[in-house]
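Single-letter residue listing:
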Amino acid sequence: MKLVRIIALLSIATNCGVSAWTKPKLFVKKNAPWKRGPVKVATPAPLKAEADVVEEPQKTRFDLPERQKLFKAATSGLAVSLAMVPEAVAFAFVAGVNPLVGLWTTVVLGFTAATLGGRPGICSSASGAVSVVIASLCASHGPAYLSVCAMMAGIFQILAGSFGLGKLITLVPHPVMLGFVNGLAVVMTKAQLVHFQSGGKFLSLLDPVGASTYGIAALTMVLVKLIPKLTKAVPPSLGAVTIASIVVRFFSLPTKTLADIAGASTFAGGWSVLPKIGLPKVPFTAETFGIVLPYALTMAAVGCLESLLTMQILDGLVDDGTKGSGKRECVGQGTGNILSGLTGGIGGCALLGQSIINVQSGGGISRFSGMSMAIFLAIGIVAAAPLLASVPIAALVGVMLLVCQSTFSWSSLRLIRKIPKLDVLVIALVSVLMIQKDLAVAVFAGIVISALGFAYQQSQTLTTTSSGDANKKTYRLSGPVFFGSTSEFSSLFSSKTDPSTVVLDFSNSKLADHSAVDAVYGLAEKYTDLGKTVVLQGLSKESTILLLKFVKGKSKLPFQIAGSIDGLVPSAVPQ
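The model shown is predicted, which means the values in this text are computed figures rather than measured ones. (Residues numbered from 1 in each chain as written. Predicted model: local features only at pLDDT ≥ 70, side-chain atom pairs only at ≥ 80, totals over all residues. Heavy atoms only, no water.)

1. Details of the overall build of the protein
Phase 1: In terms of regular secondary structure, the protein is built from 21 helices and 11 strands.
Phase 2: Buried positions account for 48% of the 575 residues belonging to the protein.
Phase 3: Considering only contacts within the protein whose residues lie at least 6 apart along the sequence, 78% involve residues at least 24 apart.
Phase 4: Of the accessible surface of the protein, which amounts to about 28200 Å², a share of 63% is contributed by carbon and sulfur atoms. (Helix = DSSP H or I, 4+ residues; strand = E, 2+ residues; numbered from the N terminus. Buried < 20%, exposed > 50% of the residue type's maximum accessible area, 1.4 Å probe, protein only. Contact = heavy atoms within 4.5 Å. Areas by Shrake-Rupley, 256 points an atom, 1.4 Å probe, with all protein chains shown as cover.)

2. Observations concerning the pairing of strand β10 (residues 533-537)
Phase 1: In terms of strand pairing, strand β9 (residues 501-511) meets β10 through five bridges, oriented parallel. Among the inter-strand pairings, Leu504 is bridged to a residue of β10, identified as Leu536.
Phase 2: Assessed by its sense of winding, the connection that carries the chain from β9 through helix α20 (residues 514-529) to β10 is right-handed.
Phase 3: As judged from the two bridges shared by β10 and strand β11 (residues 560-561), these two strands associate in the parallel manner. In the strand pairing of β11, Val535 is matched with Gln560.
Phase 4: Since β10 and β11 lie parallel, the crossover through helix α21 (residues 541-551) that links them has a hand, and here it is right-handed. (Pairing = 2+ DSSP bridges. Right-handed = clockwise from strand over helix to strand, strands pointing away.)

3. A few points about the environment of Gly102
Phase 1: Among the secondary structure elements, Gly102 is positioned in helix α3 (residues 99-116).
Phase 2: Remark: the alpha-carbon pair of Gly102 and Glu87, spanning 15 residues in sequence, is separated by 8.8 Å.
Phase 3: Discounting chain neighbours no more than four positions away, the residues touching Gly102 are Ala88, Ala92 and Ala126.

4. Describing the pattern of salt bridges
As a working rule, side chains carrying opposite charge can pair if their charged atoms are close by.
Phase 1: Under the defined criterion, the tally for this structure stands at two salt bridges.
Phase 2: Across the pair Asp315 and Arg119 runs a salt bridge whose closest N-O atoms are separated by 2.7 Å. Highlighted residues: Asp315 in helix α10 (residues 286-317) and Arg119 in the loop between α3 and β3 (124-125), separated in sequence by 196 residues. Here Asp315 and Arg119 have matching classes, each one buried.
Phase 3: For Lys473, the salt bridge goes to Asp498, with nearest N and O atoms at 3.2 Å. With a gap of 25 residues between them, Lys473 in strand β8 (residues 472-481) and Asp498 in the loop between α19 (486-490) and β9 connect regions that are remote in the sequence. (Salt bridge = Lys/Arg side-chain N within 4 Å of Asp/Glu carboxyl O.)

5. Observations regarding the packing of aromatic side chains
Phase 1: Enumeration over the complete set of coordinates arrives at eight aromatic pairs.
Phase 2: Ring geometry for Phe196 and Tyr214: centres 5.2 Å apart, planes at 5°, overall stacked. Of the two residues, Phe196 sits in the loop between α6 (174-193) and β4 (197-198) while Tyr214 sits in helix α7 (residues 208-230), which places them 18 residues apart along the sequence.
Phase 3: Overall, the relative accessible area of 6% leaves Phe196 in the buried class.
Phase 4: For the ring pair Tyr475 and Phe493, a centre distance of 4.7 Å and an interplane angle of 70° mean the geometry is edge-to-face. With a gap of 18 residues between them, Tyr475 in strand β8 and Phe493 in the loop between α19 and β9 connect regions that are remote in the sequence. One exposure class covers both Tyr475 and Phe493, and it is buried.
Phase 5: Of the aromatic side chains, those joined through ring pairs into one cluster are Tyr475, Phe489 and Phe493. (Phe/Tyr/Trp six-rings, centres within 6.5 Å; stacked < 30°, edge-to-face > 60°.)

6. Looking at the layout of surface pockets
Phase 1: What the largest pocket holds in volume is close to 850 Å³.
Phase 2: As for the largest pocket, its lining consists of 34 residues, of which Glu87, Phe91, Gly128, Val187 and Ala191 are closest to the centre.
Phase 3: There is about 500 Å³ of room inside the second largest pocket.
Phase 4: Around the second largest pocket, the lining comprises 24 residues; the ones closest to its centre are Val101, Lys276, Thr343, Gly344 and Gly345.
Phase 5: Counting only elements with at least two residues in the lining of the second largest pocket, the list comes to α3, α5 (143-162) and α11 (326-342).
Phase 6: Along the lines of polarity and charge, the residues of the lining of the second largest pocket split into 14 nonpolar, eight polar and two charged. (1 Å grid on protein atoms, 1.4 Å probe; cavity = no way out; pocket = protein on both sides within 12 Å on 5 of 7 lines; lining within 4 Å. Points joined across faces, edges and corners; volume = space filled by probe spheres on them. Nonpolar A, V, L, I, M, F, W, Y, C, P; charged D, E, K, R; others polar.)

7. A look at the environment of Leu452
Phase 1: Tracing the backbone shows Leu452 in helix α18 (residues 439-459).
Phase 2: Residue Leu452 is classed as exposed on the basis of its relative accessible area, which comes to 55%.
Phase 3: With 32 residues separating them along the chain, Leu452 and Gly484 place their C-alpha atoms 9.0 Å apart.

8. A word on the nonpolar core
Phase 1: The biggest cluster of nonpolar side chains holds 114 residues, and the ones touching the most others in it are Ile134, Phe180 and Leu309.
Phase 2: If you tally residues by element for this core, the top one is helix α2 (residues 64-95), at 15 residues.
Phase 3: Not counting the four nearest positions on each side in its chain, Ile134 is found in contact with Ala95, Leu146, Cys149, Met299 and Ile346.
Phase 4: Judged by nonpolar contacts, the second largest core, of 27 residues, contains Leu462, Leu504, Leu536 and Phe559. (Core = buried A, V, L, I, M, F, W, Y, C linked by side-chain atoms within 4.5 Å.)

9. Regarding empty space enclosed by the protein
Phase 1: Going through the model one piece at a time under the given rule, you end up with two cavities of 30 Å³ or more.
Phase 2: In this structure, the largest cavity encloses a volume near 40 Å³.
Phase 3: Lining the largest cavity are Pro86, Glu87, Gln192, His195, Ile393, Leu396, Val397 and Met400.
Phase 4: Listing elements by their share of the lining of the largest cavity, those giving two or more residues are α2 and α15 (393-407).
Phase 5: Here the element with the most residues in the lining of the largest cavity is α15; it accounts for four residues.
Phase 6: Looking at the lining of the largest cavity, its residues break down into five nonpolar, two polar and one charged.

10. Quick look at a nonpolar patch on the surface
Phase 1: On the surface, a nonpolar cluster with roughly 650 Å² of combined accessible area is contributed by Ile155, Leu159, Phe163, Leu165, Leu168 and Leu171.
Phase 2: Along the chain, the position of Ile155 falls in helix α5.
Phase 3: Taking relative accessible area as the criterion, Ile155 reaches 46% and is therefore assigned partly exposed. (Patch = residues over 30% accessible without salt bridge, like charges linked within 9 Å, V, L, I, M, F, W, Y side chains within 5 Å.)

Here is the structure:
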């Protein structure tokens, strides 16, 4: 019942304007002048014979849509804060630190990244992908080194954002994105199934604990689907967890709570659980820097990658006409990790599952949803610890299982016979590596395979047609010449049987890189050694610049370049 009272108080406070954090709101009287409708103002008589009626804009001291938007963001943040607790505690255990460290990392990082990040709706926390990276550092040198690692990784992430490296996320192919979400959905599902097990075996339905756990999880899942059909005022996940918690308390069901997995000390409450602010207690020497640097670089890369992928996915889920900023997201995550390190935290990144809960609860329209998640979690740890500790794990698992179901791209299964085999391979490879290895390995492997496949496909598009007579022959090339097509390029010509003058027409082709220029130069030398003349024509400006840079400093060239291009005079190059 305490949880219900808190929600009621939150609703009352928001309706009074307390949640409107942008500026204070005042009570609006029913008969206030700006609520009576348009005011008619007559133009002075001397100017016109008849008075004109002018309508003044309605002066509203209370923007109702904005108030509703903030209320929705606040309630969504409350729902996500509950779902954050078991994740933060679990990741703290993976990293090898106290559960409170994971919770305060979520508070500090979540608030900062939501405020400064790339788009509304993203929720950040201590992360499994990051915790796996730094676990060995904690085991070998202690928790204080994790805070140094988080701060150093934050600096690298800010530098990455400042140099615009966040834009590289646009190079991630769609099959890699599908493999990422599918693999992540499986990983999240496996993490939730642990709560249905005891001693490595699944709980029995005939056992009271098993029956209660399965029943509360199923009840929560049904309520999440049912509540939106009954009311839009309460986020479905928050309403479902609240009702499930009341059912557990009323019937005294034997289910595990947050206190059971995190320990009673985690929810002791009071000011004593607040984190201490200050530099980590480690020797700031070159040796420390050398120890932490490899972990920090990996953590920064993994954190940015997962956060940017989450941002890309939310861009597609939230139809608000806006696009996230990769630069801001990297800077926001980096700043959050630095502040997390200063408060003894372990760092982290954006979480896709909790971000999806936030969006589905209506929090994807405002940054305040992520900020309120951190605020409510902090309040819960300090002032409402017993209430937070009594939330049943099974209810939160039910919510997360539905998130896993919605995260998995079921459409990718239907596309198997409709898309290229290479794309199917990439989706499967990334999914498996996400499950077996980690995020960074999976995504980078997917990008490499996709890039190599694309290069091979492009190398097969280079073709040529020829025309001429006994004295001159023209080759008209079509398709790009680059590192993947140089072998094909060399096989298109018959240097021994061609006439004395050979023209290579690049009007429908392009020299893309150093390998292409080197191939053209080598072909021209082959013709020159046979006493034949090679003329290059139809070169684009970019191809000409690339070619001129390659031959700079050479006294004699084995080819001629026809014409001039946009002020460039290639014909003036020494022949």
